[in-house]
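# Descriptive analysis of the structure
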Amino acid sequence: MSEFLDVPEDDTFASAGLRLTVDLTALTENWRDMAHRSGAARAAAVVKADAYGLGIEDAGEALYTAGARDFFVATVDEGVTLRLYTPDARIFVLSGIWPGTERRFFDNDLVPVISSDEQLAFWMAVLADYGDYPCALHVDTGFNRLGLHIDDAIALADDVSRPASFAPVLVMSHLACGDDPTHVMNRQQLESFRRVTAAYEGIDSSLAASAGIFLGEDYHFDLTRPGIALYGGEAVCGMANPMRPVATAEARIIQVRTVGAGETVSYGRALQLRRDSRLAIVSAGYADGYMRSQSSGGVPLRQAVPQGGQGFIAGHKVPVAGRITMDLTIFDVTDLPENAVRAGDYVELFGKNMPLDDVARAAGTIGYEILTSMGLRHERRYVAEE
Ligand SMILES: *Cc1c(COP(=O)(O)O)cnc(C)c1O
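You'll find the protein entered in an unreviewed UniProt entry as Alanine racemase, with Rhizobium sophoriradicis given as the organism. Here the protein is described in UniProt, under the heading Cofactor (unreviewed entry), as follows: "pyridoxal 5'-phosphate". The record held by UniProt for the protein lists under Sequence similarities (unreviewed entry) the comment "Belongs to the alanine racemase family."

This structure, assessed with the given rule, holds one cavity of 30 Å³ or more. Looking at the lining of the largest cavity, its residues break down into six nonpolar, three polar and one charged.

This part covers the site of the ligand. Neighbouring the ligand are 14 residues, the closest being K48, Y52, S210, I228 and Y368. In this structure, I228 approaches the ligand through a main-chain N or O atom, which is 2.8 Å from an oxygen atom. Against a free-state accessible area of 390 Å², the protein chains account for coverage of 90% of the ligand. Taking a 2 Å distance to the grid points as the criterion, the majority of the atoms of the ligand fall inside the largest pocket. In terms of residue class, the shell around the ligand is built from eight nonpolar, three polar and three charged.

Here we take up the layout of surface pockets. When its volume is computed, the largest pocket comes out at roughly 830 Å³. H174, L175, A209, I228 and Y368 are the residues nearest the centre of the largest pocket, which is lined by 38 residues in total. For the lining of the largest pocket, the secondary-structure elements that each account for two or more residues are α2 (48–52), α9 (210–213), α11 (356–362) and α12 (367–372). Residues belonging to the lining of the largest pocket are distributed by class as follows: 21 nonpolar, 10 polar and seven charged. Both domains that meet at the lining of the largest pocket, namely domain 1 (39–225) and domain 2 (247–383), each give it at least three residues.

Summed over all chains, the structure comprises eight aromatic pairs. Taking the centre distance of 4.4 Å and the plane angle of 80° together, the rings of F106 and Y133 count as edge-to-face. Remark: Y133 occurs in strand β7 (residues 133–138) and F106 occurs in helix α5 (residues 102–107); sequence separation between them is 27 residues. The buried category is assigned to F106, whose relative accessible area is 15%.

Each assigned domain of the protein is listed here: domain 1 (39–225) and domain 2 (247–383). Here domain 1 and domain 2 have C-alpha centroids that lie 39 Å from each other. Facing seven residues of domain 1, the contacting portion of domain 2 comprises seven residues. Contact between domain 1 and domain 2 buries roughly 640 Å² in total, counting both sides, with carbon and sulfur atoms accounting for 63%. Sorting the residues of domain 1 by area buried against domain 2 places Y52, L54 and D58 first, and these three jointly supply 70% of that buried surface. Counting across the domain 1 and domain 2 interface gives one salt bridge. Connecting domain 1 to domain 2 are three residue pairs in polar contact (both at pLDDT 80 or more). Counting residues per element, the side of domain 1 that touches domain 2 draws most heavily on α2, which supplies three residues. Residue classes in the side of domain 1 that touches domain 2 are distributed as three nonpolar, two polar and two charged.

Rules behind the numbers
Residues numbered from 1 in each chain as written. Predicted model: local features only at pLDDT ≥ 70, side-chain atom pairs only at ≥ 80, totals over all residues. Heavy atoms only, no water. UniProt positions renumbered as here; feature names shortened; annotations may be inferred. 1 Å grid on protein atoms, 1.4 Å probe; cavity = no way out; pocket = protein on both sides within 12 Å on 5 of 7 lines; lining within 4 Å. Points joined across faces, edges and corners; volume = space filled by probe spheres on them. Nonpolar A, V, L, I, M, F, W, Y, C, P; charged D, E, K, R; others polar. Near = heavy atom within 4 Å. Polar contact = N/O pair within 3.5 Å; in protein donor to acceptor, adjacent residues only side chain to side chain. Areas by Shrake-Rupley, 256 points an atom, 1.4 Å probe, with all protein chains shown as cover. Sits in = over half its atoms within 2 Å of the grid points. Helix = DSSP H or I, 4+ residues; strand = E, 2+ residues; numbered from the N terminus. Domains from an automatic or database assignment. Phe/Tyr/Trp six-rings, centres within 6.5 Å; stacked < 30°, edge-to-face > 60°. Buried < 20%, exposed > 50% of the residue type's maximum accessible area, 1.4 Å probe, protein only. Contact = heavy atoms within 4.5 Å. Buried area = accessible area lost by both parts, 1.4 Å probe. Salt bridge = Lys/Arg side-chain N within 4 Å of Asp/Glu carboxyl O.

Structure follows, in structure tokens:
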């Protein structure tokens, strides 16, 4: 018992079974880096989905303090929260405005992104009641997700019948293949978007998310919209990731057990041990976004992606053993020195030593999904360099 560290009762981080450290200095450095790469364009900050799972309050405030004045959120509620931390910033709401949400837009000075005919019609009716108010127009240039039809958007620019109070402050579009710099789709969307910006001369325009910023100056327009790169994730496939890691997730080892050769591990006996082994049982599972598809075997993805997930313990990467379960994951620590791993130690699930996108690849997904799937059980700590 004397081996246990003395942790004060009220130190919830030091005693947490599962914890997340968010490096706000790395976050703001990443934003500055994106702003620099955006050249003459302003860099916004995309903080939807609780700042990609890292906490919109702290992330929003840090980015605002670093100088960000344009923000994108997905929903009006995210905008209402963000407003408290970014007093005079412009906050764009990507999902746009819907009947019943007008008050929240106006009271919190949020700018709706109008992206369909229905929203446009509703917005015109709102303007008739409320008078002048800014909006943004999202135009589809081939993604076929949200956005006004390109010909409709261009016609709208010169439509003399539109209300005088209709005042778009931004026209934007979104790239489908920005993460692949060689893809012909990028040029095609760029050319389509140039037709839109020509119709809306004098109004700010925006095309590039994180990946688009790396495509170069042609794609920058007036405002760029980095998201994942701010949080340290890979934006461009196959390129060494230049961003600083921001989030570190760690889980406690609850038990280290010795298991004989020939025995099996976890549900479905998915792994049979070939040697006498030591296993670390760790307090994170798929309910915490530690995805079951990272299991070492016994899940269908492993046929497509043979390598299972890894954690980082005592200076080494160690493999997941057997199936990941709801609250617990098993790591094989047999190759580590006998005394290197003890109950109470922490394993890094992703972070500075275990790159987020390596974890994502082992799970058959992308860093975005790992970050936004973390669930409710992480004890969060925010750190910043003085
Ligand atoms: C999410 C999103 C972004 C940010 O994308 P990243 O790839 O995370 O940089 C930018 N624009 C739109 C419209 C988005 O939905």
